[in-house]
Amino acid sequence: MARPTTPTVYPPNDRVRVVEERLLSDNWYTLTTTRFDYRRRDGTWQQQNRETYDRGNGAVLLLFNAARSTVVLTRQFRFPTYVSGLADGMLVEACAGLLDGDDPHACIRREAEEETGFVVRSPHKVFEAYMSPGSVTEKLHFFVAEYDDADRVSAGGGHAAEGEDIEVIEMTLAEALQQVAGGAIQDGKTIMLLQHAALVGLDRLGR
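What counts, and where the lines are drawn
Residues numbered from 1 in each chain as written. Predicted model: local features only at pLDDT ≥ 70, side-chain atom pairs only at ≥ 80, totals over all residues. Heavy atoms only, no water. Helix = DSSP H or I, 4+ residues; strand = E, 2+ residues; numbered from the N terminus. Polar contact = N/O pair within 3.5 Å; in protein donor to acceptor, adjacent residues only side chain to side chain. Contact = heavy atoms within 4.5 Å. Expected span 1.5 Å × (residues − 1). Buried < 20%, exposed > 50% of the residue type's maximum accessible area, 1.4 Å probe, protein only. Arc of directions from axis to C-beta. Core = buried A, V, L, I, M, F, W, Y, C linked by side-chain atoms within 4.5 Å. Phe/Tyr/Trp six-rings, centres within 6.5 Å; stacked < 30°, edge-to-face > 60°. Disulfide = S-S within 2.5 Å. Pairing = 2+ DSSP bridges.

Caption draft 1: Up close: the side chain of Gln48. In this fold, Gln48 is placed in strand E4 (residues 45-54). One polar contact links Gln48 to Gln46, side chain to side chain, over a distance of 3.1 Å. Residue contacts for Gln48: discarding those within four places in its chain leaves Thr34, Arg35, Phe36 and Tyr38.

Structure representation (structure tokens):
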């Protein structure tokens, strides 16, 4: 049963009047249902109901080597993709993680070392994006950073105690883009970074 939640502090907006907010689940992160009045462009007010899932904000990083034209990605099991029809549930991704109280730069340095085993020298932020704004509050901070073999300090793989079993993959940018076109890479944040790298060029990426 939905129950009252601690009221959310909303940004000032004269087109939104929150009527009721109720907590549906806080088993892992929080799922909330909210009833609110929204003033449409014609000036009329309309009552709407929305569910929002709050899992915090995150950061994602594309590691690249311009001299070799390579990128480092990961492969891991994602249960929601399995439920949604991905036969083996294995998703190829750029390394990423939730901020968990850190600033985005600190977060992506931590996640890169944990997941890929590479120490990130100079992460460069390229943009921010809301990934599923119809229902999820998460905003991602997108980074790129150059790597070489000397930056690798471990095999990576993530934390087994947290259920992580991450395979580290190195391939050329051209191969990664082919996998996007062929459907082998289906993760949105990863596709965005790969396309950004293709548009900018690895020799100018992060500058």
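Additional details are given in the paragraphs that follow.
Caption draft 2: Seen up close, helix H2 (residues 104-116). The first and last C-alpha atoms of H2 sit 17 Å apart over 13 residues, in line with the 18 Å expected at 1.5 Å per residue. Among all positions in H2, only Pro104, Cys107, Ile108, Glu111, Ala112, Glu115 and Thr116 are buried. Buried residues along H2 cover an arc of 125 degrees about the axis, so they all sit on one side. Those residues of H2 that are buried are in contact with strand E5 (58-65), strand E6 (70-77), strand E8 (95-98), strand E10 (139-146) and strand E11 (167-172). You can read the cap of H2 off the contacts: a side-chain oxygen lies 2.9 Å from the backbone nitrogen of His105, and it is on Asp103. Just downstream of H2, Gly117 is the residue with a positive phi angle, here 85 degrees.

Caption draft 3: View of unusual backbone geometry. Positioned with a positive phi, Ser69 is a non-glycine residue whose angle comes to about 60 degrees. Here Ser69 lies in the loop between E5 and E6. For Ser69, a relative accessible area of 36% translates into the label partly exposed. Notably, Asp100 is not glycine yet its phi reads approximately 50 degrees, a positive angle.

Caption draft 4: View of the nonpolar core. Counting 23 residues, the largest nonpolar core has Leu62, Val71, Leu73 and Leu194 as its most contacted members. Those elements giving two or more residues to this core turn out to be E5, E6, E10, E11, helix H3 (173-182) and helix H4 (188-200). In this structure, Leu194 is in contact with Leu62, Val71, Leu173, Ala176, Leu177, Val180 and Ile185, ignoring residues within four places of it in sequence. Counting residues in each nonpolar core, the second largest holds 14 residues, with Val72, Cys95, Leu99 and Phe118 among its members.

Caption draft 5: Representation of the environment of Leu91 in the model. Note on placement: Leu91 falls in strand E7 (residues 90-93). Between the alpha carbons of Leu91 and Asp187 there is a distance of 6.9 Å; along the sequence they are 96 residues apart. If sequence neighbours within four positions are ignored, Leu91 has contacts with Thr74, Arg75, Gln76, Arg78, Thr81, Leu86, Gln186 and Asp187.

Caption draft 6: Examining the packing of aromatic side chains more closely. Considering all chains together, one arrives at seven aromatic pairs under this definition. Of the aromatic side chains, those joined through ring pairs into one cluster are Trp28, Tyr29 and Tyr53.

Caption draft 7: Layout of the state of the cysteines. The tally for this structure, following the rule as stated, stands at zero disulfides. Not part of a disulfide, Cys107 finds its nearest cysteine sulfur in Cys95, a span of 9.3 Å.

Caption draft 8: View of the pairing of E5. Most of E5 is tucked away, with eight of its eight residues classed as buried. Covered by surrounding structure in E5 are Gly58, Val60, Leu62 and Phe64 together with Ala59, Leu61, Leu63 and Asn65, the residues of both alternating faces. Two strands pair when backbone bridges link them, and E5 and E8 are joined in this way by four bridges, in the antiparallel orientation. Residue pairing for E8: Val60 is matched across the bridge by Ala96.

Caption draft 9: Layout of H3. Within H3, the full set of buried residues consists of Leu173, Ala176 and Val180. For H3, the arc enclosing every buried residue in end-on projection is 60 degrees, short of the 170-degree limit, so these residues lie on one face. Of the residues in H3, the exposed ones pointing more than 90 degrees away from the buried face are Gln178, Ala181 and Gly182. Next to the buried residues of H3 lie E6, E11 and H4. Note on H3: the residue one or two positions beyond its end, Gly183, has a positive phi of about 90 degrees.

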